[in-house]
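Each chain is listed here by its residues.
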Amino acid sequence: MCEVKPVPAFRLGRGCEVAGYTLLHPVGRGWESTRYRAAERLSGAVRRLQFYRASGAGDIAAVGHVAATFDHLHRTGAVPAYHHMDIWRRNARETVPFLALGFIDGAPLTRLLQPGRWRRGWRDATGLRLLRAVAAKLATVHALGLGVGDFQDGNNIIVKNRRDPVWCDLDAGTSDEPNRDRETDLWHWFGLLDAMAEHQPVSPLVARAVRKLGRIRNRRFRADSMAEIVERLSPLIEPPDG
């Protein structure tokens, strides 16, 4: 089955004024939105604006559900701060809903997972600590009965200071059926571990982590699987004193 193509990107120039914000530069394009770094005109605060294509009230309501999900999950530390949702009247024919979120200053996880990282100052212990942090934030979201989604291969995760992962976008599901697919989150996480295991030269530490977590990978999913991953990884990364 073919994947649905992403919506057309909004092509807005630097300095464009949008609903009280000045656009600084584009920072990404996903399957549903186009994202810009922007400065709030009154305060100068830097935000991340996510613009969505909307063809009717149903699309605007769907963006509202995404907004509510960001707001709900912010206390987990997995997503940026949610500031507000607004409607931009772009012209007489086009209405554009958008979200104003906190700006995440960091590097995409996809870049850090590229092969050969060990030769560019990216140590295996540093990488495993980051994956443990990803697992810890997923465990917090899972404890709420929700899934995150949309981070296969490291997509949509921005890493601050090489250790703090934050999802810049997620699969919110719908208001009637919120995303509760925590099992897929688990498989996406193991995909990140597998990508790190392929770095050259092969890391004995990462290979040990793969073996140590094999039982969790192979058994039936449990609601506390991510929390157990955090528990099992910790002794490898932070060995006890003495």
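Above: the structure in question.
Note that the structure is predicted; figures quoted are calculated from it, not measured. (Residues numbered from 1 in each chain as written. Predicted model: local features only at pLDDT ≥ 70, side-chain atom pairs only at ≥ 80, totals over all residues. Heavy atoms only, no water.)

Q: Describe the overall build of the protein chain, and please don't skip the residues or the numbers.
A: Scanning the protein chain for helices and strands turns up seven helices and nine strands. Against the compact-globule benchmark of 18 Å for 242 residues, the protein chain has a radius of gyration of 19 Å, which places it among compact chains. The principal-axis extent of the C-alpha atoms belonging to the protein chain is close to 65 × 40 × 35 Å. Here the protein chain holds 242 residues, and 44% of them are scored as buried. Across the protein chain, every contact between residues at least 6 apart in sequence was considered, and the portion connecting residues at least 24 apart equals 61%. When the accessible area of the protein chain is evaluated, it comes to approximately 12,700 Å², of which 49% is carbon and sulfur surface. Both charge centroids of the protein chain, one from 36 positive and one from 27 negative side chains, sit 6 Å from each other. (Helix = DSSP H or I, 4+ residues; strand = E, 2+ residues; numbered from the N terminus. Rg over C-alpha atoms; globule rule 2.2 N^0.38 Å. Buried < 20%, exposed > 50% of the residue type's maximum accessible area, 1.4 Å probe, protein only. Contact = heavy atoms within 4.5 Å. Areas by Shrake-Rupley, 256 points an atom, 1.4 Å probe, with all protein chains shown as cover. Lys, Arg positive; Asp, Glu negative; His and termini not counted. Charge placed at Lys NZ, Arg CZ, Asp CG, Glu CD.)

Q: Break down the nonpolar core for me, with residues and values.
A: Trp167, Trp189 and Ile229 are the most contacted members of the largest nonpolar core, which has 49 residues in total. Elements with a contribution of two residues or more to this core: helix H1 (57-73), strand E6 (95-102), helix H2 (109-112), helix H3 (124-142), strand E8 (157-160), helix H4 (182-197), helix H5 (204-212) and helix H7 (225-237). When residues in this core are grouped by element, the largest group, nine residues, is from H3. Ignoring any residue separated from it by four or fewer positions in sequence, one finds Ile229 in contact with Ala135, Leu186, Trp189, Phe190, Leu213 and Ile216. Ranked by size, the runner-up nonpolar core spans 13 residues in total, among them Leu23, Ala38, Leu49 and Trp88. (Core = buried A, V, L, I, M, F, W, Y, C linked by side-chain atoms within 4.5 Å.)

Q: Please provide a residue-by-residue account of the packing of aromatic side chains, values included.
A: The description of an aromatic ring pair rests on the distance of the ring centres and on the angle between the ring planes. Counted by the stated rule, this structure contains seven aromatic pairs. Note on Tyr21 and Phe98: the rings are 6.4 Å apart at their centroids and 90° apart in plane angle, and the pair reads as edge-to-face. Of this pair, Tyr21 sits in strand E2 (residues 21-29) while Phe98 sits in strand E6; the two residues are 77 residues apart in sequence, bridging distant segments of the chain. When sorted by exposure, Tyr21 lands in the same class as Phe98, which is buried. Both rings, one in Tyr36 and one in Phe51, keep their centres 5.9 Å apart while their planes meet at 75°; by these two values the pair is edge-to-face. Residue Tyr36 is located in strand E3 (residues 33-40), and its partner Phe51 is located in strand E4 (residues 46-52); the two are separated by 15 residues in the primary sequence. In this structure Tyr36 comes out as buried when scored by relative accessible area, which is 2%. Residue Phe51 is classed as buried on the basis of its relative accessible area of 0%. (Phe/Tyr/Trp six-rings, centres within 6.5 Å; stacked < 30°, edge-to-face > 60°.)

Q: Describe the sheet that holds E6, and please don't skip the residues or the numbers.
A: Sheet architecture is open: six strands sit in the order E1-E2-E3-E4-E6-E5, paired in antiparallel fashion. Unpaired on one side and paired on the other, strand E1 (17-18) and strand E5 (82-89) mark the two borders of the sheet. One ladder, built from five bridges, connects E4 with E6; its direction is antiparallel. When the bridges of E6 are listed, Arg47 appears paired with Gly102. (Pairing = 2+ DSSP bridges.)

Q: Please give an account of unusual backbone geometry that cites residues and values.
A: Trans peptide bonds make up most of the peptide bonds, and negative phi angles are found at most residues other than glycine. Across the junction of Gln200 and Pro201, the peptide omega takes the value -5°, indicating a cis bond. Along the chain, Pro201 turns up in the loop between H4 and H5. Even without being glycine, Ala19 reaches a positive phi, approximately 45°. Mapped onto the elements of the fold, Ala19 is located in the loop between E1 and E2. A residue is classified by how much of its surface remains accessible, and Ala19, at 36% relative accessible area, is partly exposed. If you check the backbone angles, Asn161 has positive phi at about 55° while not being a glycine. Here Asn161 lies in the loop between E8 and strand E9 (164-167). Look at Asn161 and you get exposed, because its relative accessible area is 59%.

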